[in-house]
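So you can see what is in the structure, the chains are spelled out below.
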Amino acid sequence: MQTIQTIDSHTGGEPTRIVVAGGPELGNGPLTDRVARFRDENDHIRSAIINEPRGSEVLVGGLLVPPHEQDCDFGVIFFNNTGYLGMCGHGTIGLMVTLAFQNRVTAGKCRIDTPAGVVEAEMLDDHRVRVQNVESWLYRRAVPVDIPGHGTVTGDIAWGGNWFYLSEDHGQSLSSGNSAALTAFGLRVRAALEAAEITGAGGGVIDHIELCGAPEHPDSNCRNFVLCPGGAWDRSPCGTGTSARLACLAAEQQLAAGDTWRQESILGSVFEGSWQPSEATATAAAGPVITPTIIGSAWVTGETSLLLDPSDPFRFGIPAG
């Protein structure tokens, strides 16, 4: 009987499951190399942790690993129902409250090694976490794509730790009661991008679709709907999506460095975002490379021992598809 110990949390309504013991041994080296080993040799463990019957399409997992970068305190590999993520903002907030729950972090900043680069995180109180994300930047502005049966929409392509297509002229109602229609529309946008061979820099797959619109709360600046790679929608305002949004705003000079942007999900949960100029460069950037900071709140919801019984025909999960 294989046992995997996990701690679950949610960040603004979006669940995270952190593997704290019993996960696959991936050896040493850069986290990008360890992701490849996870994918090639242990992908059945990812499926067992995240897919039904133990998980669901909305769940994001994180495997705690020793960091490769010497100045980091922890390493983490994020994954979902269909694969692996370079970085996950809401998951990093969930990771921090999980580590605090285990008394492994208290005050002060932590440096966390991820496949997308090093991020910094800090507990502000029992639930609020500040995350300084990887460098983010706008790649292409106002890219049109034809959606069969709908027409043409335009959107920006930006990097925030994952590749995003961000659109404001989508014509959709950004409400929680419209989530099924939004999901279907987001899938059509992603399919249209693929059909048109529109990608991020270097052929990077645009696997996140972000629809932006007016907020419902007067203290917020924007409401968004984010479709994640596995076809589920983000219940939180999406940390990497908010980072990509900040990069677009910086490029368009709509938000000054240090000012706060309040990003609202279709559930009404809010991330506070801001940015500072980065010393990093990106040759394909259509605007400044920024260092985004995201503040959000998370709560631990459970501790679990996942049991993988050899006699269970679904012990490695039901593949998404």
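Worth saying up front: this structure is predicted, and the values here are computed from it rather than measured.

S.K.: Mind showing me how you'd approach the overall build of the protein chain here?
M.R.: Along the protein chain, the regular secondary structure elements total five helices and 16 strands. For 321 residues, the compact-globule formula gives about 20 Å, and the C-alpha radius of gyration of the protein chain, at 19 Å, lands near that figure. Looking at the protein chain as a whole, 54% of its 321 residues are labelled buried. Excluding contacts between residues fewer than 6 apart, the proportion of contacts in the protein chain whose partners are at least 24 apart in sequence is 64%.

S.K.: What am I meant to see in the nonpolar core here?
M.R.: The tendency in soluble globular proteins is for nonpolar side chains to be buried side by side. Grouped together as the largest cluster of nonpolar side chains are 36 residues, with contacts concentrated most on Met96 and Val129. The biggest single contributor to this core is helix H3 (residues 89–101), with five residues. Among all residues touching Met96, those that are not within four sequence positions of it are Val105, Cys110, Ile112, Ala121, Glu122, Met123 and Val129.

S.K.: Looking at this structure, I do not really get the packing of aromatic side chains. What am I missing?
M.R.: To describe a pair of aromatic rings, you give the distance between the ring centres and the angle between the ring planes. Under the defined criterion, the tally for this structure stands at eight aromatic pairs. Three or more aromatic residues link up through ring pairs in this structure, and these residues are Trp137, Tyr139, Trp159 and Trp163. Sitting over the ring of Trp233, Arg235 keeps its end group 3.9 Å from the ring centre.

S.K.: Help me understand the side chain of Thr6, please; the structure alone is not making it clear to me.
M.R.: By the secondary structure assignment, Thr6 is in strand S1 (residues 2–11). Here Thr6 falls in the buried class, since its relative accessible area comes to 2%. Filtering out sequence-adjacent residues up to four positions away, Thr6 remains in contact with Arg17, Ile18, Val19, Val20, Gly302, Glu303, Thr304 and Leu306.

S.K.: Is there a simple way to explain the state of the cysteines in this structure?
M.R.: Cysteine pairs can be linked by a disulfide, which is a covalent bond between their two sulfur atoms. If you walk through the whole model with that rule in mind, you get zero disulfides. With no disulfide of its own, Cys110 lies closest to Cys72 among cysteine sulfurs, the gap being 10.0 Å. Left unpaired, Cys212 is separated from the closest cysteine sulfur, that of Cys222, by 4.6 Å.

S.K.: How should the pattern of salt bridges be read in this particular structure?
M.R.: It is possible for side chains of opposite charge to pair when their charged atoms get near one another. Within this structure, the stated rule accounts for ten salt bridges. With its nearest N and O atoms 3.2 Å apart, the salt bridge here joins Glu272 to Arg262. Here Arg262 lies in strand S14 (residues 261–264) and Glu272 lies in strand S15 (residues 270–277), a separation of ten residues in the sequence. Judged by its relative accessible area of 27%, Glu272 is partly exposed. Residue classification places Arg262 among the partly exposed positions, given a relative accessible area of 25%. Taken together, the shared-partner salt bridges in this structure form one network comprising Asp71, Arg111 and Glu120.

About the thresholds
- Within each chain, residue numbers correspond to sequence positions counted from 1 in written order.
- Where totals are concerned, whole chains, interfaces and linings use all residues; where local detail is concerned, this predicted model gives features only for residues with pLDDT of at least 70, and gives and counts side-chain atom pairs only at 80 or more.
- Excluded from the side-chain calculations are hydrogens and water; all other atoms, namely the structure's heavy atoms, are used.
- Only DSSP runs of H or I with at least four residues qualify as helices, and only runs of E with at least two residues qualify as strands; both kinds are numbered from the N terminus onward.
- Two things to know: the radius of gyration comes from C-alpha atoms, and the globule rule equals 2.2 Å times the number of residues to the power 0.38.
- Relative accessible area decides the class of each residue, using a 1.4 Å probe on protein chains only: under 20% of the type maximum gives buried, over 50% gives exposed, and in between gives partly exposed.
- It only takes one pair of heavy atoms within 4.5 Å for two residues to be counted as in contact.
- Put simply, buried Ala, Val, Leu, Ile, Met, Phe, Trp, Tyr and Cys residues joined by side-chain atoms within 4.5 Å make one nonpolar core.
- A pair of aromatic rings is counted whenever rings of Phe, Tyr or Trp (Trp by its six-membered ring) have centres within 6.5 Å, and the orientation is called stacked for planes under 30 degrees apart, edge-to-face for over 60 and tilted otherwise.
- Working rule: Lys NZ or Arg CZ, within 6 Å of ring centre, within 35 degrees of ring normal, means a charge sits over the ring.
- Disulfide assignment relies on a single distance test, namely cysteine sulfur atoms paired within 2.5 Å.
- Salt bridges are counted wherever a side-chain nitrogen of Lys or Arg sits within 4 Å of a carboxyl oxygen of Asp or Glu.

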